[in-house]
Amino acid sequence: MLYSRALIPTVKEAPADAANASHTLLVRGGYIRKVGAGMYDFLPLGLRALRKIESIVREEMNRAGAQEILMPALLPAEYFKETGRWDVYGDTLFRLKDRKGAEFHLGPTHEEIVTDIARREIKSWRDMPMNLYQVQSKYRDEPRPRGGLLRCREFLMKDAYSFDITEEAARASYETMRKAYCAVFDRMGLTYRMVAADPGAIGGSTSAEFQVLADSGEDAIVACDNCDYAANVEIATVKVGAPPDGGSAAEDEKKKVHTPKVGTIEDVSKFLNLPKDRFLKSLVYLANKEIVLAVVRGDHDLNEIRLARALGVDEVFMANDADVQKATGAAVGFAGPVGFKGKIVVDRAAAQVKNAATGANESDQHFTGVNMGRDWQGEVADIRLATTGDACPSCETGKLKTYRGIEAGHIFILGTRYSEKMGAQYSDEKQEKKPIVMGCYGIGVSRLVATAIEQNHDENGIKWPMAVAPYQVHLVTLGKEENVATEASRLYDDLRARGVDVLWDDRDERPGVKFKDADLLGMPLRITIGAKSLANGNIELKPRTEADPKKAELVPVADAARVIDERIKAALRA
RNA sequence: CGGGGCGUAGCGCAGCCUGGUAGCGCACCUGGUUCGGGACCAGGGAGUCGGAGGUUCAAAUCCUCUCGCCCCGACCA
């Protein structure tokens, strides 16, 4: 492509509304433009990057034996009503009505629709395993779209669905998809971790997220420094370990201590000169409108999702100040398990603390010498938030470390959750009707455009990995000398004949402008042809990852096309 | 939904407090000089000041309502 004819509207200044690197660089580089909150135009370069990623995903899905289909984005309400998600999805669903007043919505995900295909078309155990996928725009009325392409209301997603006869067979399909996902992210050159995750609104028994590591990521994950344990902090667990004092101390007498106006663990710890791990942190929660006291060790934080799981509810809400006062009879900061009227859930580590300090359910009063069993009772569960330094739950010596991640993919074993509700059954060898066992697998294709940039950029611009770069080569010509144009034209044609994607900056611009734009746009290889090096029969070759322009490699004109072609092929193999 | 902020030329912003000719930088157009890391000179075009209502002789500026957008949180495959 000739730059002079291309729509690549680069801008010097960052857009006022951009909060992260990928958003800023995509707009500055003329890749995308905002149409509304969470809605973007893909300009030519942006679309090329998107298509490259899409192709990689398609190739790996096809290689894994999945078959591409296309379902509508506009859907009648009846399917979501069948499974109850018409109500469960709530405000996230874009709902609309047709001219007759019939209800429709835009598809946020397609389990129901694909299950409808399955119940009509899959009849026998001989028809499975089967995996159907599509690459399609999805619509979700997100509470808060953000980060440019990272969280949009309309976004491109690859969603695949597997159909199997048994849970074991479904696990094999899941494993096939896991490998395909690794292949996709490996080919894109991303650094990522597969982590155990919460299935959320999709449901199902097993799920894993593919988290691309980036400081700007919305998700927190923990990973072991020794083994392959990794999990979203939402569901991460830790090894309990020994209690802080070794657990051998004798039980002290319980005492009430006056602690005027010191409600936080931090303050009370100083006030009583007692380490934080000897405190019981008591938090008042509402679960299905029932008041519950959650108790964790003073140096730990509560994991709300784990608390909800322990209680067997969908979600829990922290009680407001008024409810806390009503439940404990004390000001906020003085709640404790001793004498608490209501359900108490205590974390495993907190249950081990002997002679603990805790709020006395009385304003400005704490207890010390509190012992579970003797002074109070509670249901023990795993409800604390994992964090850096915690002991790994699945190996002997490992320590957990927290990372930020961007969720690029999520795979689930759904079981029969959808097939039972929608009557998707097959006949087995004995003519018995059984529900199809399903799995589903998503990749955020448009999100990956931004994700690749979050992981590959510097202060000057994008540094595209070869596999997703809109153009593999950015050819810069300097000056108006005739031989520069002649050699550039020859190289341009030669590279294109070899199937190389080349962007030729043939504009009548000063060198500085061209170099700045080349760095901003971020194509992996930059070729410079100017009178200076051409006088010795050379062109200049510099990878975008090399920051120092003086380190550009001189390549004889005659070898240039071959050398560049080889570099690209090597980069794609890596 | 809670908290905070912003809507003025294509983009980034000033002007608003204290009402009175709408401004700066970038981008764009014309001419000239320049040309290996975002050049310079001269000239020029371009704005319903988000929208509606109100106060006033007079509103970008004050008041009311409203729409949109961003950030933090809640929420979210």
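Worth saying up front: this structure is predicted, and the values here are computed from it rather than measured.

Attention now moves to the overall build of chain A. Counting its secondary structure elements, chain A contains 16 helices and 31 strands. Over its C-alpha atoms, taken along the principal directions, chain A stretches across nearly 95 × 65 × 50 Å. Counting all 574 residues of chain A, 51% fall into the buried class. Sequence-distant contacts, at least 24 apart, represent 69% of the contacts inside chain A between residues at least 6 apart. Accessible surface, chain A as shown: approximately 26200 Å² in total, 49% of it carbon and sulfur.

Before going further, it helps to spend a moment on the nonpolar core. Counting residues in hydrophobic clusters, the biggest one holds 60 residues, and the most contacted among them are Tyr 31, Tyr 181, Phe 185, Met 188 and Trp 464. Here this core gathers at least three residues from each of two domains, domain 1 (47-211 + 402-453) and domain 3 (471-573). Leave out the neighbours within four places in its chain, and Trp 464 touches Tyr 31, Ala 49, Val 449, Ala 452, Ile 453, Ala 469, Pro 470, Leu 521, Gly 522, Met 523 and Pro 524. Among the nonpolar cores identified, the runner-up in size contains 23 residues, and Ala 488, Val 502, Ile 527 and Ala 561 belong to it.

When cut into domains, chain A gives domain 1 (47-211 + 402-453), domain 2 (255-381) and domain 3 (471-573). Each of domain 1 and domain 3 has a C-alpha centre, and the two are 41 Å apart.

Turning our eyes to something else, we now look at the sheet that holds strand S13 (residues 255-258). Overall, antiparallel pairing links the three strands, which are arranged S13-S19-S18 in an open sheet. Each edge of the open sheet is held by one strand with a lone partner, namely S13 and strand S18 (356-359). Along the sheet, successive strands turn relative to each other by an average axial angle of 30°, direction set aside. As paired elements, S13 and strand S19 (residues 365-370) share four bridges and run antiparallel to each other. Residue His 258 lies in a different strand from S19, and its bridge partner there is Gln 365.

In contact at an axis separation of 8 Å, helix H1 (residues 21-28) and helix H12 (residues 445-455) are set at 105° when each is read in the N-to-C sense. Relative to H12, the element H1 lies roughly perpendicular. Of H12, the residues touching H1 (which contributes Ala 21, Ser 22, Leu 25 and Leu 26) are Val 449, Ala 450, Ile 453 and Glu 454. The residue makeup of the contact of H1 with H12, split by class, is six nonpolar, one polar and one charged.

Summed over the entire model, instances satisfying the criterion amount to 44 salt bridges. Where Arg 490 meets Glu 487, a salt bridge forms, and the shortest distance between an N and an O atom there is 3.8 Å. Highlighted residues: Arg 490 and Glu 487, both in helix H13 (residues 482-497), separated by three residues, approximately one helical turn. Among the ionic pairs, Arg 562 bridges to Asp 559, the shortest N-O distance being 3.9 Å. Of this pair, Arg 562 and Asp 559 both sit in helix H16 (residues 557-573), separated by three residues, roughly a single helical turn. For Arg 562, a relative accessible area of 38% translates into the label partly exposed. On the basis of relative accessible area, Asp 559 is assigned to the partly exposed category, the value being 29%. A single salt-bridge network, built from bridges that share partners, covers Glu 82, Asp 116, Arg 119, Arg 120 and Glu 121.

A few words on the packing of helix H2 (residues 44-63) against H12. Taken N-terminus to C-terminus, the directions of H2 and H12 make an angle of 110°; their axes are 9 Å apart at the nearest point. Between H2 and H12, the crossing angle belongs to the class labelled roughly perpendicular. In terms of crossing hand, the pair formed by H2 and H12 is right-handed. The segment H2 lies against H12, with Ala 49, Leu 50, Ile 53 and Glu 54 engaging Val 445, Ser 446, Leu 448 and Val 449. For the contact of H2 with H12, the class distribution of residues is six nonpolar, one polar and one charged.

This part is about unusual backbone geometry. Cis rather than trans, the peptide bond between Met 128 and Pro 129 has omega equal to 5°. Within the secondary structure, Pro 129 sits in the loop between helix H5 (111-121) and strand S7 (130-139). Within the chain, Asn 355 stands out as a residue other than glycine whose phi angle is a positive 50°. The exposure class of Asn 355 is buried, given its relative accessible area of 6%. Positive phi, normally seen in glycine, also occurs at Gln 431, with a value near 70°.

What counts as what
- Residues numbered from 1 in each chain as written.
- Chains lettered and ligands numbered in written order.
- Predicted model: local features only at pLDDT ≥ 70, side-chain atom pairs only at ≥ 80, totals over all residues.
- Heavy atoms only, no water.
- Helix = DSSP H or I, 4+ residues; strand = E, 2+ residues; numbered from the N terminus.
- Buried < 20%, exposed > 50% of the residue type's maximum accessible area, 1.4 Å probe, protein only.
- Contact = heavy atoms within 4.5 Å.
- Areas by Shrake-Rupley, 256 points an atom, 1.4 Å probe, with all protein chains shown as cover.
- Core = buried A, V, L, I, M, F, W, Y, C linked by side-chain atoms within 4.5 Å.
- Domains from an automatic or database assignment.
- Pairing = 2+ DSSP bridges.
- Axes fitted to C-alpha atoms, helices over the stretch in contact; angles between N-to-C directions.
- Parallel < 35°, antiparallel > 145°, perpendicular 65-115°, else oblique.
- Nonpolar A, V, L, I, M, F, W, Y, C, P; charged D, E, K, R; others polar.
- Salt bridge = Lys/Arg side-chain N within 4 Å of Asp/Glu carboxyl O.
- Left-handed = near helix turned anticlockwise from the far one by under 90°.

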